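If you want the building blocks of each chain, they are given just below.
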Amino acid sequence: PRNLVAVLGDQLDPDAAAFDAFDPACDRVWMAEVTDESAPYRSSKQRSTLFLSAMRHFAAELTARGWPLSYTRLDDEGNAGSLHAQLDADLTRLGATQLIVTQPGEWRVLAMLQNVAAQHGVPLEVRADRHFMVSDADFARHLAAHKSLRLETFYREQRKRFGVLMEEANGAARPVGGRWNFDTDNRHPLPPDGPGLLTQRQPTPPDAITREAMALVNTRLAHLPGSLDAFAWPVTREAALKALDVFIEARLPSFGRYQDAMWPDDPWLYHAHLSAALNLKLLSPREVIGAAERAYHSGRAPLASVEGFIRQILGWREYVRGVYWSQMPAYADANALEAGAALPSWYWSGDTELACLKDVIAQTLKHGYANHIQRLMVAGLYALLLGVDPRQIHAWFLAVYVDAVEWVELPNVIGMSQYADGGRMASKPYAATGKYIQRMSPYCASCRYKPEQKTGERACPFTTLYWDFLLRHQQRFAKHPRMALQIRQLDRLPDDEKQQIRRQAQTLRDKENGDDTLAPRRPE
Ligand code: FAD
Ligand code: SF4
């Protein structure tokens with residue numbers, strides 16, 4: 001072919017830049033399913049099935065258009081096993097005057113493509129990813145104009161730039177309703193009787209292609225963590241659009257109010273469950289934001305919910321992508337708090353007595369999904385307080401969630417949840433005791449531990465480790481403007497209680513480090 005257009009598993013958009021001027025008469029699309037993307041610790045059954053099924057649906061769509069396609073299936077004889085090896089073999093076999101790709105979602109993959117192209121002496125054209133509203137150059141300008149990175153500044157800039165939720169008042173543009181931020185109206189716990197039936201998500205039943213991918217994963221990739229019995233993610237654009245509609249009508253009105261709440265056995269609540277569809281490029285952020293904005297203007301959803309939701313997509317989602325590409329590759333090795341503990345092996349099984357983590361991990365393995373607060377203030381927080389090596393908790397997050405692609409997962413984990421970047425993403429560590437979890441969920445009521453207790457047999461491990469975290473990092477944060485208050489609380493603790501906290505925290509750490517028999521086994 002003249003041009004070989006490489007399409008990666010998270011680039012399933014026929015309008016992507018890589019297809020500009022695609023000529024089926026002389027160009028060819030290249031796609032490959034490879035096992036090393038699903039090596040243990042790299043993916044889960046839910047995530048691998050999602051990618052495989054969505055890729056196969058997309059390939060069928062390209063073929064229906066009559067576009068020539070080289071597609072290697074996971075179970076094809078002669079599958080080279082890695083993206084690098086497969087592309088290398090196919091370039092040798094097919095030849096190409098030029099390799100074209102839309103900017104990948106992972107630094108490692110970009111480096112790999114550059115490498116293979118260079119080895120073959122073929123020019124590689126990396127085209128900007130138009131899916132995102134903020135380009136790398138836009139973000140670089142934002143960085144240059146501001147001393148420190150802060151979401152709020154970035155988000156307001158984008159609201160103005162794209163005219164999202166803006167109105168005219170006295171001849172000037174201002175945010176609709178006169179406020180940028182509705183946090184005080186949002187973030188409530190659920191009422192005592194729970195979320196109610198409204199929050200049920202509308203599952204997408206697996207079709208023949210998805211069932212085939214599930215069978216493949218259950219046989220070839222049986223070693224991966226998690227299960228597929230409940231697999232119901234949209235894997236086509238059509239299904240993703242339907243999921244968007246259901247969210248806007250049924251759940252968006254209560255999204256803001258309950259966006260930080262957690263409820264055992266209800267993973268879905270009022271969230272969108274659209275991150276995987278967005279990240280695979282089945283949906284565009286513009287259309288999702290547009291649908292939410294229309295719901296506000298037609299009176300179907302309150303402003304606080306719509307603003308809270310748009311902030312996640314036009315704010316956080318674009319922001320973390322800017323952080324990723326502007327900070328990589330060094331960002332992946334950041335470890336500002338010098339954390340080195342091993343990730344407890346039960347992160348891969350959910351076999352723990354901590355009721356909150358047990359529920360969050362169980363739903364994660366069952367659905368490949370947890371909401372933002374479950375990720376940040378349960379799974380992420382415990383690793384932060386325990387002092388887990390950031391690379392280990394990063395590997396876990398990248399593997400287990402269906403929406404995990406490194407550009408979005410890494411800044412959220414390394415930056416927001418672990419503070420390993422020393423505060424580029426978050427202005428202070430998200431450190432809290434079990435009492436935060438008690439406020440936002442009913443988990444503690446059914447737990448053997450007590451969130452208010454720092455020490456003793458019933459002490460909540462979050463609470464013990466929180467105080468130990470402050471003690472361990474007392475010097476580092478003593479002068480930190482947003483941590484000083486928390487650190488000063490240590491002054492009120494008697495020395496013998498401090499010692500007891502330290503001892504109990506060390507016992508917890510020793511216990512977690514001991515047993516790795518539950519970790520997923522590498523294939524023989
Ligand atoms: P909703 O709560 O309904 O939010 C709507 C949309 O906003 C999401 O679909 C997502 O596209 C976007 N969004 C919300 N928060 C963020 C954020 N912090 N960063 C980027 N986009 C955001 N999101 C991923 O897409 N992939 C990941 O691998 C991922 N890893 C995370 C790891 C940690 C430790 C934390 C704290 C957050 C992570 N997030 C990740 C962000 C967020 O938790 C998920 O996007 C969200 O839970 C997905 O569920 P939803 O579609 O129901 O989101
Ligand atoms: Fe989680 Fe602690 Fe509450 Fe138990 S007591 S559910 S461990 S926060």
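Everything quoted here is computed from the prediction, not taken from an experiment.

Here is what the cut-offs are and how they apply
One numbering rule holds for all chains: residues counted from 1, following each sequence as written. Key to labels: chains lettered from A, ligands numbered from 1, both in the order written. Under the rules for a predicted model, residues below a pLDDT of 70 receive no local features and side-chain atom pairs below 80 are neither given nor counted, while totals for whole chains, interfaces and linings still include all residues. We call a residue near a molecule or strand if the C-beta atom, set from the backbone, is within 6 Å of it. Only DSSP runs of H or I with at least four residues qualify as helices, and only runs of E with at least two residues qualify as strands; both kinds are numbered from the N terminus onward. Side-chain classes are defined by residue name, with Ala, Val, Leu, Ile, Met, Phe, Trp, Tyr, Cys and Pro counting as nonpolar, Asp, Glu, Lys and Arg as charged, and the others, Gly among them, as polar. Convention adopted: a line fitted to C-alpha atoms gives each axis, helices being fitted over their contacting stretch, and angles between N-to-C directions are expressed from 0 to 180 degrees. For a crossing to be left-handed, the near helix must be turned anticlockwise from the far one by less than a right angle; the clockwise case is right-handed. What counts as a contact is two residues whose backbone-derived C-beta atoms lie within 7 Å of each other. Multiplying one less than the number of residues by 1.5 Å gives the expected span of a helix. For two strands to pair, DSSP has to find at least two bridges joining them. As annotated, the domain borders come from an automatic or database domain assignment. Orientation labels follow simple angle bins: below 35 degrees gives roughly parallel, above 145 gives roughly antiparallel, 65 to 115 gives roughly perpendicular, and whatever is left gives oblique. Confidence scores here are pLDDT values: one per residue, from the predictor, ranging 0 to 100. Any residue with 12 or fewer other C-beta atoms within 10 Å of its own C-beta is exposed, any with 20 or more is buried, and the rest are partly exposed; the C-beta atoms used are placed from the backbone.

Undergrad: Residue-level account of the site of ligand 2, with values.
TA: Within the structure, ligand 2 sits among 14 residues, and Cys356, Gly434, Cys444, Cys447 and Cys460 are positioned closest to it. Elements with a contribution of two residues or more to the shell around ligand 2: helix H11 (355–367), helix H15 (434–440) and helix H16 (461–472). Broken down by element, the residue count for the shell around ligand 2 peaks at three residues, all from H15. Across the shell around ligand 2, the residue classes break down as 12 nonpolar, two polar and no charged.

Undergrad: Please provide a residue-by-residue account of the packing of helix H7 (residues 237–255) against helix H9 (residues 285–297), values included.
TA: Between H7 and H9, the least distance of the axes is 11 Å, while the angle of their chain directions is 35°. In the packing of H7 onto H9, the handedness of the crossing is right-handed. Contact residues: Leu244, Ile248 and Leu252 in H7; Val288, Ala291, Ala292 and Ala295 in H9. Along the lines of polarity and charge, the residues of the contact of H7 with H9 split into seven nonpolar, no polar and no charged.

Undergrad: Before we move on, could you go through helix H2 (residues 83–94) and cite the residues and values that matter?
TA: Helix length check: H2, at 12 residues, gives a terminal C-alpha distance of 16 Å against a target of 16 Å (1.5 Å per residue), a fit within 8%. Residues of H2 that are buried sit in contact with strand E1 (3–6), strand E2 (28–32), strand E3 (69–72) and helix H3 (107–120). Downstream of H2 by one or two residues, glycine 95 has phi in the positive range, about 65°.

Undergrad: How would you summarise the sheet that holds E1 if you had to cite specific residues and measurements?
TA: Strand order in the open sheet formed by five strands is E3-E2-E1-E4-E5, and the pairing between neighbours is parallel. Looking along the sheet, the strands with just one partner apiece sit at the ends: E3 and strand E5 (124–127). Strand after strand, the sheet turns through a mean of 20° between neighbouring axes, direction not considered. As defined by bridge partners, E1 adjoins E2 across three bridges and the pair is classed as parallel. Of the residues in E2, the one forming a bridge with valine 5 is valine 29.

Undergrad: Break down the site of ligand 1 for me, citing the residues and quoting the values.
TA: By nearness alone, 28 residues border ligand 1, and His271, Ala272, Ser275, Gln312 and Glu409 come closest of all. Every element with two or more residues in the shell around ligand 1 is listed here: helix H8 (275–279), helix H10 (303–327), helix H12 (372–386) and helix H14 (406–417). A domain split of the shell around ligand 1 shows at least three residues from each of domain 2 (136–203 + 231–327) and domain 3 (345–514).

Undergrad: Which residues make up the pairing of strand E7 (residues 172–175), and what are the values?
TA: Relative to E7, strand E6 (residues 166–169) is paired through four bridges, and the arrangement is antiparallel. Directly across from alanine 169, in E7, lies its bridge partner alanine 172. What sits between the antiparallel neighbours E6 and E7 is a turn of two residues, in which asparagine 170 has the positive phi angle 50°.

Undergrad: Describe the packing of H10 against H14, naming the residues involved and giving the relevant values.
TA: Packing of H10 against H14 leaves a shortest axis separation of 8 Å and a crossing angle of 85°. By the angle class used here, H10 and H14 are roughly perpendicular. Contacts between H10 and H14 involve Arg317, Val320, Arg321, Val323 and Tyr324 on the former and, on the latter, Trp407, Val408, Leu410, Pro411, Asn412 and Gly415. Looking at the contact of H10 with H14 residue by residue, the class counts come to seven nonpolar, two polar and two charged.

Undergrad: An account of the domain arrangement of the protein chain is needed here, citing residue identities and associated values.
TA: Domain boundaries in the protein chain define domain 1 (3–127), domain 2 (136–203 + 231–327) and domain 3 (345–514). Put simply, the middle of domain 2 and the middle of domain 3, counted by C-alpha atoms, are 26 Å apart. The interface is formed by 21 residues belonging to domain 2 together with 24 residues belonging to domain 3. Where the side of domain 2 that touches domain 3 is concerned, the elements lending two or more residues are H8 and H10. Looking at which element gives the most residues to the side of domain 2 that touches domain 3, the answer is H10, with six residues. Considering only residue class, the side of domain 2 that touches domain 3 consists of 13 nonpolar, five polar and three charged.

Undergrad: If you had to explain the confidence of the model for the protein chain to someone new, which residues and values would you point to?
TA: The predicted model of the protein chain averages 94 in pLDDT, with 97% of residues at 70 or higher. The model gives residues 515–524 a pLDDT under 50, and that stretch makes 20 contacts with residues more than four places away or in other chains. Reported confidences for the modelled complex are a pTM of 0.96 and an ipTM of 0.99.

Undergrad: Account for unusual backbone geometry, with residues named and values stated.
TA: Note: most residues except glycine have negative phi, and most peptide bonds are trans. In this structure, the amide linkage connecting methionine 328 to the following residue, proline 329, adopts the cis form with an omega of 5°. With respect to the helices, strands and loops of the structure, proline 329 is situated in the loop between H10 and H11. One non-glycine residue, aspartate 265, lies in the positive phi region at around 65°. Its location among the elements puts aspartate 265 in the loop between H7 and H8. The exposed category is assigned to aspartate 265, around which 8 C-beta atoms lie within 10 Å. Backbone geometry at histidine 273 places phi at a positive 55°, although glycine is not the residue there. Examined against the element boundaries, histidine 273 turns out to sit in the loop between H7 and H8. Judged by local crowding, histidine 273 falls into the buried class, with 25 C-beta atoms found within 10 Å.

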